[in-house]
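# Summary of the model geometry
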Amino acid sequence: RGGGAPHLPFDTEQENRATDGAEHILRVHEAVLALEEADPRAARVVEMRWFAGYEEREIAGLLGVTERTVQRSWAKARAILAEALSA
């Protein structure tokens, strides 16, 4: 059985890394949801910048605010998310 195929050991470390990655993604999602409750605009900025890859200038145009407002929202969002993810 196996037709001479090489035996590959089961790597449980790789499975643990994948699980850790999924848990991290869930924590990020929950942190963004909490941010949305605290500051909806900051949450939009995170979604547009981090997940969609928009630049500050583009985000400002889409949200109808100044680039400086986007920068302040981004700074606030980073601080809130860093605190939420460090807990």
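That block above? That's the structure.
Conventions used here
- Residues numbered from 1 in each chain as written.
- Predicted model: local features only at pLDDT ≥ 70, side-chain atom pairs only at ≥ 80, totals over all residues.
- Heavy atoms only, no water.
- Helix = DSSP H or I, 4+ residues; strand = E, 2+ residues; numbered from the N terminus.
- Buried < 20%, exposed > 50% of the residue type's maximum accessible area, 1.4 Å probe, protein only.
- Contact = heavy atoms within 4.5 Å.
- Areas by Shrake-Rupley, 256 points an atom, 1.4 Å probe, with all protein chains shown as cover.
- Core = buried A, V, L, I, M, F, W, Y, C linked by side-chain atoms within 4.5 Å.
- Salt bridge = Lys/Arg side-chain N within 4 Å of Asp/Glu carboxyl O.
- Phe/Tyr/Trp six-rings, centres within 6.5 Å; stacked < 30°, edge-to-face > 60°.

Helices and strands together make up the secondary structure of the chain, namely four helices and zero strands. Helices and strands in the chain line up, N terminus first, as α-α-α-α. Per-residue burial for the chain yields a buried fraction of 21% across its 87 residues. For the chain, restricting intrachain contacts to residue pairs at least 6 apart in sequence, the fraction spanning at least 24 positions comes to 47%. Accessible area of the chain: about 6500 Å², with a carbon and sulfur share of 54%.

In summary, soluble globular proteins display a tendency toward joint burial of nonpolar side chains. Ranked by internal contacts, the top residues of the largest apolar core, which has 15 residues, are Leu35, Val46 and Leu81. When contributions to this core are tallied by element, the ones reaching two or more residues are α1 (12-38), α2 (40-51), α3 (56-63) and α4 (67-86). In terms of residue count, α2 provides more of this core than any other element does, five residues in total.

As a further point, take the pattern of salt bridges. Summed over all chains, the structure comprises five salt bridges. Glu47 is paired through a salt bridge with Arg44; the nearest N and O atoms lie 2.8 Å apart. Here the residue Glu47 and the residue Arg44 both occupy positions in helix α2, the gap between them amounting to three residues, near one helical turn. Relative accessible area serves as the criterion here: at 27%, Arg44 is assigned to the partly exposed category. Between Glu55 and Arg57 there is a salt bridge; the shortest N-O distance is 3.3 Å. A cluster of three or more residues bridged by salt bridges with shared partners is formed by Glu36, Arg44 and Glu47.

Turning our attention to the packing of aromatic side chains. Within the structure shown, the criterion is met by one aromatic pair. Ring centres of Trp50 and Phe51 lie 5.3 Å apart, and the angle between their planes is 20 degrees; on these two criteria the pair is classed as stacked.

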